[in-house]
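Chains, contacts and geometry: an overview
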Amino acid sequence: MNAIYQNDTWGRIRTELRNSIGVDAFNNWIEPISFLGVETNLASFSVPNSFIGNWVSRNYGDAIIHLFGTEGVVISRLGFVAPEQTAARKPKPAPQQQAPKTTATALPASPLDSRFTFEQFVVGTPNELAHAAARRVAEGGDVTFNPLFLYGGVGLGKTHLMHAIAHEIRATRPEARVLYLSAEQFMFRFVQALRFKDMHSFKEQFRSVDMLMVDDLQFIAGKNSTQDEFFHTFNALIEQGKQIVISADRSPGEIEGLEERIRSRLQWGLVVDLHPTNYELRLGILHAKAEAQSKRYPDVGLDVKVLEFLAHRISSNVRVLEGALTRLFAFADLVGRDITLDMAQDTLADLLRQSDRKVTIEEIQRKVAEHYNLRISDLLSPRRARAVARPRQVAMFLSKSLTSKSLPEIGRKFGGRDHTTVIHAVKRVEEMRQTDSQIADDVEILRRTLEA
Ligand code: ADP
Ligand code: MG
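Residues numbered from 1 in each chain as written. Chains lettered and ligands numbered in written order. Predicted model: local features only at pLDDT ≥ 70, side-chain atom pairs only at ≥ 80, totals over all residues. Heavy atoms only, no water.

Thoughts on the pattern of salt bridges
Here the structure, examined in full by the defined rule, presents 18 salt bridges. A salt bridge links Arg207 to Glu229; its shortest N-O distance comes to 3.2 Å. Of the two residues, Arg207 sits in helix α9 (residues 199-207) while Glu229 sits in helix α10 (residues 224-239), which places them 22 residues apart along the sequence. Overlapping salt bridges bring together Arg177, Asp210 and Lys242 as one network. (Salt bridge = Lys/Arg side-chain N within 4 Å of Asp/Glu carboxyl O. Helix = DSSP H or I, 4+ residues; strand = E, 2+ residues; numbered from the N terminus.)

Structure representation (structure tokens):
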């Protein structure tokens with residue numbers, strides 16, 4: 001089973017647990033633990049300390065084992081790994097446990113998804129910079145920016161780009177040692193190395209690579225000994241002029257619990273943001289994925305209107321978009337029908353309802369007013385002072401991009417303004433985002449809080 005699948009499984013189990021034990025208990029006990037993986041009926045978790053591990057095991061162990069079962073994953077035991085405890089433990093004579101072979105021999109790399117190549121990556125305005133930077137890194141040559149730090153929301157293609165770099169280097173420079181792994185696995189290996197007193201080979205393995213890629217770095221925030229080790233590995237590689245690529249779900253400055261020295265080190269390199277997809281990019285991705293699906297199901301016909309419909313209606317992340325398409329093809333094949341608009345609406349009813357949770361203009365106005373320390377009535381007022389007009393334009397821009405309201409409707413909600421005012425605001429903010437990083441940041445922060 002691959003790690004992505006396991007994480008989804010754990011995600012669903014977490015949701016179940018949150019519902020059954022309540023938010024408070026969930027936040028106290030389940031939130032602090034991180035799922036590491038399943039190996040021969042043992043599900044492993046990292047925990048901040050053994051107390052939490054014992055508590056979870058005693059109180060929720062049976063429920064967790066049961067929930068894995070309902071997900072089709074047979075588990076008989078849970079294991080909890082507490083880094084500090086392990087580190088502090090006195091050496092015992094003749095330890096019984098043996099380090100798993102992988103830590104001592106092979107590089108602890110994660111498997112690469114063969115579909116995650118540059119060829120399969122569709123480029124659009126929201127991801128062109130990240131794509132270009134990834135290409136540059138894959139070409140090799142002089143290390144121009146180190147590290148490359150890619151960040152952005154879930155399902156926007158961070159992992160895809162990192163795998164693509166690895167694939168490319170494997171193909172063009174097979175002798176180069178490229179190590180790709182998630183931050184979670186980095187920690188898991190580190191903890192194992194401590195536990196099995198294997199630090200020497202751990203360090204050697206990580207410091208002898210030509211390129212290190214660590215995915216989802218936010219995972220090690222707050223995990224201090226892991227962060228320390230990461231910092232040393234990072235510095236050692238940078239000093240040798242080896243390329244480092246890192247991804248996270250937010251920018252270095254926004255990752256809470258990240259040590260200051262790591263944060264500033266990360267900002268030395270190139271920090272690139274994968275923006276949320278826009279309609280054109282979603283449509284492009286859907287076309288590419290539909291082509292691939294059509295090869296798999298040559299008998300299934302597809303009305304291209306369906307792709308436009310999906311690109312409009314599912315704006316969350318590319319993974320969801322892809323899942324929707326896969327479902328349509330599988331279903332059409334099963335029942336021997338073509339994919340039409342009606343059929344898509346029926347088949348995806350649940351998914352479409354979910355993505356219907358749309359932000360309202362009122363919410364946007366409230367958040368924008370809060371952000372700029374204004375009153376909502378200021379945004380609706382005729383005042384033209386810049387301190388009010390700018391935020392108003394930002395709010396109109398967000399209303400246009402986050403809701404499906406028409407320009408006249410938006411104008412009406414802003415104190416009865418004309419739709420041409422809204423058009424002007426949208427254009428203005430689009431321009432300013434390119435030239436004024438303050439506006440770009442404001443829009444970004446607001447968009448994220450509104451979409452959260
Ligand atoms: P992240 O790591 O940012 O959460 P992933 O890289 O796992 O996201 O992408 C989620 C899914 O969406 C993957 O199947 C990936 O192939 C696909 N995907 C994301 N962006 C693109 C793109 N621009 N072109 C093609 N596929 C994409
Ligand atoms: Mg990812």
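A closer look at the domain arrangement of the protein chain
When cut into domains, the protein chain gives domain 1 (3-85), domain 2 (128-273), domain 3 (279-355) and domain 4 (361-451). When each unit is reduced to the centre of its C-alpha atoms, the spacing between domain 2 and domain 4 is 37 Å. (Domains from an automatic or database assignment.)

Topic: the nonpolar core
One finds Phe149, Leu212, Val214, Leu217, Phe230, Ile246 and Leu266 to be the most contacted residues of the largest nonpolar core, which totals 35 residues. Listing elements by their share of this core, those giving two or more residues are β4 (148-151), β5 (178-182), α8 (183-195), α9, β6 (211-215), α10, β7 (243-248) and α11 (260-266). Sorting elements by how many residues they give to this core places α8 first, with seven residues. If we ignore the near neighbours within four places in the chain, the residues touching Phe230 are Phe186, Val214, Leu217, Ile220, Ile246 and Ile262. Of all hydrophobic cores here, the second largest spans 25 residues; its members include Leu112, Ala133, Ile165 and Val272. (Core = buried A, V, L, I, M, F, W, Y, C linked by side-chain atoms within 4.5 Å. Buried < 20%, exposed > 50% of the residue type's maximum accessible area, 1.4 Å probe, protein only. Contact = heavy atoms within 4.5 Å.)

Considering the site of ligand 1
In the vicinity of ligand 1 lie 18 residues, with Val122, Gly155, Thr159, His160 and Glu322 positioned nearest. A distance of 2.6 Å separates an oxygen atom of ligand 1 from a polar atom in the side chain of Glu322. Burial of ligand 1 by the protein amounts to 95% of the accessible area it has alone, namely 560 Å². Elements supplying a minimum of two residues to the shell around ligand 1: α7 (158-172), α12 (279-296) and α14 (318-335). Broken down by class, the residue content of the shell around ligand 1 amounts to seven nonpolar, seven polar and four charged. (Near = heavy atom within 4 Å. Polar contact = N/O pair within 3.5 Å; in protein donor to acceptor, adjacent residues only side chain to side chain. Areas by Shrake-Rupley, 256 points an atom, 1.4 Å probe, with all protein chains shown as cover. Nonpolar A, V, L, I, M, F, W, Y, C, P; charged D, E, K, R; others polar.)

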